[in-house]
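Remarks on the overall topology
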Amino acid sequence: MHTRPVAALGAAAMVPTAPVGTDAKLADLRREATVRMQAEPGRPAPTLLPRALLQMRKDQRHALIVDAKHSRLYLYENRNDQIRLLQDFYVSQGKLGINKLKEGDMRTPVGVYTIIGRLPGVKLPDLYGKGALPLDYPNDWDKIQGRGGSGIWVHGVPNETFSRPPLSTDGCVVVSNDDLNLLTRIVEVGKTPVLIGDQVEFVSKEQLERDLRVASGLVETWRRDVENRDEVALRSLYSARFKSSNDGDLSTWLDKNRYLPGVKNISVTVTDSAFFRQPSQEEMIVSSFTQQIVAGKFRHAVRKKQYWAREGKNWKIVAESNLS
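Heads up: these notes are all about the structure in this document. Note that the structure is a prediction, hence the values are computed from the model and not measured. (Residues numbered from 1 in each chain as written. Predicted model: local features only at pLDDT ≥ 70, side-chain atom pairs only at ≥ 80, totals over all residues. Heavy atoms only, no water.)

1. What about the packing of aromatic side chains?
Aromatic ring pairs are defined here through the distance separating the ring centres and the angle between the ring planes. Going by this rule: A pair of Phe, Tyr and Trp rings is counted when the ring centres sit within 6.5 Å of each other, with Trp represented by its six-membered ring. The angle between the planes then sorts it: under 30 degrees is stacked, over 60 is edge-to-face, the rest tilted. Under the scheme used here, helices are H or I runs from DSSP no shorter than 4 residues and strands are E runs no shorter than 2 residues, and both carry numbers assigned from the N terminus. Note on classification: 1.4 Å probe, protein chains only; a residue is buried when its accessible area is under 20% of the maximum for its type, exposed when over 50%, partly exposed between these limits.
Applying the stated criterion across every chain, the model contains five aromatic pairs. With centroids separated by 5.1 Å and ring planes inclined at 50°, the aromatic side chains of tyrosine 128 and tryptophan 153 adopt a geometry described as tilted. Here the residue tyrosine 128 occupies a position in the loop between strand S8 (119-120) and strand S9 (131-134), and tryptophan 153 occupies one in strand S10 (residues 153-155), the gap between them amounting to 25 residues. An identical accessibility class is assigned to tyrosine 128 and tryptophan 153; each is buried. Judged by centre distance (5.2 Å) and plane angle (85°), the ring pair of tyrosine 238 and phenylalanine 242 falls under edge-to-face. The same class applies to tyrosine 238 as to phenylalanine 242, namely buried.

2. Description of the nonpolar core
Rules: Here the nonpolar core consists of buried residues drawn from Ala, Val, Leu, Ile, Met, Phe, Trp, Tyr and Cys, with membership extended through side-chain atoms lying within 4.5 Å. Any two residues whose heavy atoms approach within 4.5 Å are treated as being in contact.
Within the largest apolar cluster, 29 residues are counted, with the highest numbers of intra-cluster contacts made by Trp222, Leu234, Tyr238 and Trp308. Among the elements of the structure, helix H4 (205-227), strand S15 (238-244), helix H6 (250-256), strand S16 (267-277), strand S17 (284-295), strand S18 (298-311) and strand S19 (314-323) are those that each provide at least two residues to this core. The biggest single contributor to this core is H4, with seven residues. If near-sequence neighbours (up to four positions away) are discounted, tyrosine 238 is found in contact with Trp222, Leu250, Trp253, Leu254, Lys316, Ile317 and Glu320. Listed in part, the 22 residues of the second largest apolar core include Leu53, Val112, Phe202 and Met284.

3. Things to note about the side chain of threonine 108
Applicable threshold: Between N or O atoms, a polar contact is any pair within 3.5 Å; within protein, one atom must be a potential hydrogen donor and the other a potential acceptor, and residues adjacent in sequence are included only when both atoms are from side chains.
Along the chain, threonine 108 falls in the loop between strand S6 (93-94) and strand S7 (111-114). On the basis of relative accessibility, which here comes to 1%, the residue threonine 108 falls in the buried class. A polar atom in the side chain of threonine 108 sits 2.9 Å from the backbone oxygen of glycine 171. Setting aside residues no more than four positions away along its own chain, threonine 108 makes contact with Gln93, Gly94, Gly97, Ile98, Asn99, Lys100, Thr169, Gly171, Cys172, Val173 and Ile196.

4. Overview of the sheet that holds strand S12 (residues 173-174)
Test applied: Two strands pair under a simple rule: DSSP has to find at least two bridges between them. With axes taken as lines fitted to C-alpha atoms, and helix axes fitted only over the stretch in contact, angles between N-to-C directions fall between 0 and 180 degrees.
The sheet built from four strands is open, its strands ordered S8-S9-S10-S12 with mixed pairing. Of all strands in the sheet, those bounded by a partner on one side alone are S8 and S12. Judged from the three bridges that link them, S9 and S10 form a sheet pairing that is antiparallel. Note that in S10 the partner of alanine 132 across the bridge is histidine 155. On top of the sheet, helix H3 (residues 177-186) reaches S9 and S10; it is set at about 50° to S9, its chief contact.

Honestly, that's just the spatial picture; any functional story needs more than this.
In structure tokens:
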């Protein structure tokens, strides 16, 4: 820096004996260093909360939020109905960015997913480092939108590598092996949500509570219409583009989920609710809850998931499924 102007990060002159590919490797290091330095001012203030985590179930103890725009993963803890940031990590993602559409497009998907397994590194090629945490991509909304592909994981790096450039994977979210070891010890299969997007927002507690009232109000309106057997009002809550998880239309779906049609008085309750706001340009609320129906001695309970999308000034159900 004393001998010549430095106009760029790592502006070193290549010596004639440098190995082939050194220029490309240096460019990768510059990109990684840039996003790592941008992370410091991008960390949320202690008073701010992630807008995506509206409400977690009591048994969901942790959540992961991937900020694809800044190559950052945030680990949150849910304790006594209070959410707090535990740690954040540098991540790598798809070579061609986000919004995965099909197999082999080298993009990372955007949406609300769940960790569905743990794969130890000893059973995987060295590419995956210390192991992998598979996600349930494609989810119901992905399938309805025709998005394909599979094998989207959070995984480590080769054992001789510390980290990878920001855009360098085939679509997975990649962290260092040390970070993966920490995450593997914490996350719970089938419970830990992973929210991936490019519009990760951090808001005040008051804003989060307002968003939660909207989300819970949507489900409450749906519950009331189901209980009142108000077919017209219930149908108005669903989008014209609605499809069920098995590709059925709205009439087929409602017929399938109409219990005891000859009984006038039923009781419908909703419990164990979770609400997530997809951190993307597409405004989407993902609600999951247990629906309980009681009519005399008849009792039925089912776990449901609904995808509510903003259409103009209104929120509409664009996808719905019954969970096993």
